[in-house]
Amino acid sequence: MKFSAKRLGVFTATMFVICLKTLGDNAPKWQLDQSLIGSNPVLSLKPSFSDNIIVYKTNDSRGISLLTQQLDIFLAPYFPNKKHENVQECKNSPNEGKVCDFVIDERFSPCTRQMNYSYGSSDRGPCIFLKLQKIFGWKPELYNSTNLPNEMPQYLQHLIKTTRRPDTLNKIWLTCEPQDLEDAENIGPRMFFPEMGFHGKYFPFRNAEGYLSPVVAVFFEQPKRGVLIKVECKVWARNIHHDLKNNKGVIRFGLLID
């Protein structure tokens, strides 16, 4: 059968409309387990290095500049600026069609651009930033005091069991632990900004304009110098399964500061 140019144009336009109706507003046709990325989010790390080892010298201004520039680029969308009309301040969840605001501001100190994300300090360690992969429609199943896994760190289990504020539990928890006993002696205290995980108000992702994935900064306060420290960071929700091979729910990296 031969089509004239006019008929072919009508046919193409019709198929385009059908595809739009199939996909819906900003929604992918295949979602969650039916999609290529699945429903188990990847945990990603910045700054990134080959072999996932963050290494630098505190007196190497050029090397530190390359690190901080990488973070500047990664965090540029999060610096306070003119907000999209869909963005709103919210404590728990956004209004229909809106998204909750997320900015990198003074709450992240010393993990801020003004403080070079703590790189180059002679008496402090660096900040790293972690983010979860965006998965359309995925919503975390959060832990409470009655359903904690045995492999969860004891201090986190205690925190969840003893908290009296419901909003505190409304998060995907994040831990960053030493991989072995030697690392435990060298890693030093860690601090999390703006909190120890990803708040539930940013999920599910619906591809709404103005949406920014939440990030968490981890500040290594006093890591030992001159030794490789192996770190494992994990996120905790009932429907996140730890798959180290693919960085799903967990990521490992090294930290070496001279």
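Scroll up a little and you will see the structure.
These remarks concern the structure in this document. (Residues numbered from 1 in each chain as written. Predicted model: local features only at pLDDT ≥ 70, side-chain atom pairs only at ≥ 80, totals over all residues. Heavy atoms only, no water.)

Focus on the nonpolar core
Item 1. One finds Leu75, Phe129 and Leu130 to be the most contacted residues of the largest nonpolar core, which totals 65 residues.
Item 2. The leading source of residues in this core is strand S9 (residues 215–220), at six residues.
Item 3. Residues in contact with Leu75, not counting those within four places in the same chain, are Ile104, Tyr117, Phe129 and Val215. (Core = buried A, V, L, I, M, F, W, Y, C linked by side-chain atoms within 4.5 Å. Buried < 20%, exposed > 50% of the residue type's maximum accessible area, 1.4 Å probe, protein only. Helix = DSSP H or I, 4+ residues; strand = E, 2+ residues; numbered from the N terminus. Contact = heavy atoms within 4.5 Å.)

A short note on the pairing of strand S2 (residues 53–56)
Item 1. With burial as the criterion, only one face of S2 is covered, namely that bearing Ile54 and Tyr56; the residues Ile53 and Val55 on the opposite face remain uncovered.
Item 2. As judged from the four bridges shared by S2 and strand S11 (residues 250–257), these two strands associate in the parallel manner. Looking at S11, one finds that Tyr56 is bridged to Ile257. (Pairing = 2+ DSSP bridges.)

Focus on unusual backbone geometry
Item 1. Following Lys46, the chain continues to Pro47 via a peptide bond in cis, the omega torsion being 0°.
Item 2. Tracing the backbone shows Pro47 in the loop between strand S1 (43–46) and S2.
Item 3. In this chain, Phe203 is followed by Pro204 through a cis amide linkage whose omega measures 0°.
Item 4. In this structure, Pro204 sits in the loop between strand S8 (197–199) and S9.
Item 5. Of note in this structure, Tyr117 is not a glycine but carries a positive phi near 55°.
Item 6. Mapped onto the secondary structure, Tyr117 falls in the loop between strand S4 (99–100) and strand S5 (127–132).
Item 7. When its relative accessible area of 0% is taken as the criterion, Tyr117 is described as buried.

With respect to the sheet that holds S2
Item 1. A sheet is described by the order of its strands in space; here five strands give the open sequence S2-S11-S10-S6-S8, paired in mixed fashion. Two strands bound the open sheet, and with one partner strand each, they are S2 and S8. Taking each pair of neighbouring strands and ignoring which way they run, the sheet shows an average axis angle of 20°.
Item 2. Packed onto the sheet, helix H3 (residues 154–162) meets strand S6 (171–178) and strand S10 (229–236) and runs at close to 155° relative to S6. (Axes fitted to C-alpha atoms, helices over the stretch in contact; angles between N-to-C directions.)

Observations concerning the state of the cysteines
Item 1. What the rule picks out here adds up to three disulfides.
Item 2. In this model Cys111 forms its disulfide with Cys127; the gap between the sulfur atoms is 2.0 Å. Around the S-S axis, the bridge from Cys111 to Cys127 shows a dihedral of about -75° and counts as left-handed. With Cys111 in the loop between S4 and S5 and Cys127 in strand S5, the pair connects residues that are 16 residues apart, well separated along the chain.
Item 3. Accessibility expressed as a relative area gives 0% for Cys127, which makes it buried.
Item 4. Here Cys176 engages in a disulfide with Cys233; their sulfurs sit 2.1 Å apart. Note on the Cys176 and Cys233 pair: the S-S dihedral is about 110°, so by sign convention the disulfide is right-handed. Note that Cys176 is positioned in strand S6 and Cys233 in strand S10, a separation of 57 residues in sequence. Both residues of the pair, Cys176 and Cys233, count as buried.
Item 5. Along the protein, the cysteines engaged in disulfide bonds are linked according to the scheme 1-2, 3-4, 5-6 when indexed in sequence order. (Disulfide = S-S within 2.5 Å.)

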